[in-house]
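Structural overview for review
Residues per chain, in single letters:
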Amino acid sequence: METDTMAHNPVNHPLRPLYRALGALTGIYLVLFGILGAITTAGDGLFGDSDERVLGQGTNLFWSIVTVLIGAIVLVATVLGRNSDTVVDKYFGWGLLVVGSYELAAIRTDANFLDFSVSTVVVTYLIGLVLIMAAYYSKVGPSEQTGAPRQARERQAQNA
């Protein structure tokens, strides 16, 4: 039995396919945003500041390349499965929350090297939270690690 998970993280959740699909859609969005951003900001330099907006968000060539890489890794991990997607989604989700927090603090300073706007921060937070949610609910394990469904637990509590 694994000891690195908390007791309240579900294993073999009934909606696991939905959460894996959400993780995959998030990866697709990141790749799409990154490709469109790279095309739009190609002439501005790697860390250029531009007024160009991609899907309503501010970006530069560096952040576009990073999002393509993150999205591709999320997609590959989702396709591979075997709980690699849970690990990748969890770490990249928390990482995106850290990046979004940094950029929110630095948004009107020279330290805004990713050329974020407020809408980019909001979308980065949302994507990070979706990845974390997908990570916590798409874990697969043997049937002996699976807890009883909520209805069975409630019946057991009523009978006790």
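This section reports on the structure supplied with the text. Residue positions are counted from 1 within each chain, in the order its sequence is given. Selection of residues for local features in this predicted model requires a pLDDT of at least 70, selection of side-chain atom pairs for listing and counting requires 80 or more, and totals for whole chains, interfaces and linings are taken over all residues. Here the side-chain values reflect all heavy atoms present in the structure, with hydrogen atoms and water set aside.

1. Section: the nonpolar core
Side-chain atoms within 4.5 Å link the members of a nonpolar core, which is a set of buried Ala, Val, Leu, Ile, Met, Phe, Trp, Tyr and Cys residues. Residue burial is assigned from relative accessible area. The probe radius is 1.4 Å, only protein chains are included, and a residue is buried under 20% of its type maximum, exposed over 50%, and partly exposed in between. Ranked by size, the top nonpolar core spans 15 residues in total, and within it Trp63, Ile70, Val74, Leu96, Phe116, Ile127 and Leu131 carry the most contacts. Not counting residues within four places of it along the chain, the set of residues in contact with Ile70 comprises Leu30, Phe92 and Leu96. Residue contacts are counted whenever heavy atoms from the two residues lie within 4.5 Å of one another.

2. Quick notes on the pattern of salt bridges
The working definition used for a salt bridge is a side-chain nitrogen of Lys or Arg within 4 Å of a carboxyl oxygen of Asp or Glu. Per the stated rule, a full pass over the model turns up one salt bridge. Across the salt bridge formed by Asp85 and Arg20, the nearest N and O atoms sit 3.1 Å from each other. Placement of Asp85 in helix α3 (residues 84–105) and of Arg20 in helix α1 (residues 16–40) is noted, with a sequence separation of 65 residues between them. Since its relative accessible area comes to 2%, Asp85 is described here as buried. Classification of Arg20 by relative accessible area gives partly exposed; the value is 28%. Each helix corresponds to a stretch of at least 4 residues labelled H or I by DSSP, and each strand to a stretch of at least 2 residues labelled E; elements are numbered beginning at the N terminus.

3. Things to note about a nonpolar patch on the surface
A cluster of nonpolar side chains, Leu46, Phe47, Ile65, Leu69, Tyr102 and Phe113, forms an exposed patch at the surface whose accessible area comes to about 550 Å². On the secondary structure map, Phe47 appears in the loop between α1 and β1 (53–54). In this scheme, patches are assembled from residues that exceed 30% relative accessible area and form no salt bridge. Like charges are connected within 9 Å, while nonpolar side chains (Val, Leu, Ile, Met, Phe, Trp, Tyr) are connected within 5 Å. All accessible areas in this document rest on Shrake-Rupley with a 1.4 Å probe, and a residue is counted as covered only by the protein chains that are shown.

4. A closer look at the packing of aromatic side chains
Two rings from Phe, Tyr or Trp (for Trp, the six-membered ring) form a pair when their centres are within 6.5 Å of each other. A pair whose planes differ by under 30 degrees is stacked, one over 60 is edge-to-face, and the rest are tilted. For the structure shown, the criterion picks out six aromatic pairs. Consider the rings of Tyr19 and Tyr137, whose centres lie 5.0 Å apart with planes at 25°: the pair is stacked. You can see Tyr19 sitting in helix α1 and its partner Tyr137 sitting in helix α4 (residues 118–137), a full 118 residues away along the chain. An angle of 50° between the planes, with centres 6.0 Å apart, marks the rings of Tyr102 and Phe113 as tilted. Note that Tyr102 is positioned in helix α3 and Phe113 in the loop between α3 and α4, a separation of eleven residues in sequence. Overall, the relative accessible area of 35% leaves Phe113 in the partly exposed class. An aromatic cluster of at least three residues, connected via ring pairs, comprises Phe47, Phe62, Tyr102 and Phe113. Only Lys NZ and Arg CZ are tested; either one counts as a charge over a ring when it is within 6 Å of the ring centre and within 35 degrees of the ring normal. The lysine or arginine in question, Lys90, covers the ring of Tyr91, its NZ or CZ lying 5.4 Å from the ring centre.

5. A short note on unusual backbone geometry
One non-glycine residue, Arg82, lies in positive phi territory at about 50°. Along the chain, the position of Arg82 falls in the loop between α2 (61–80) and α3. Not every positive phi belongs to a glycine, and Asn83 is a case in point at roughly 70°. In this structure, Asn83 sits in the loop between α2 and α3. For Asn83, a relative accessible area of 18% puts it in the buried group.

That is the geometry; function is a separate question.
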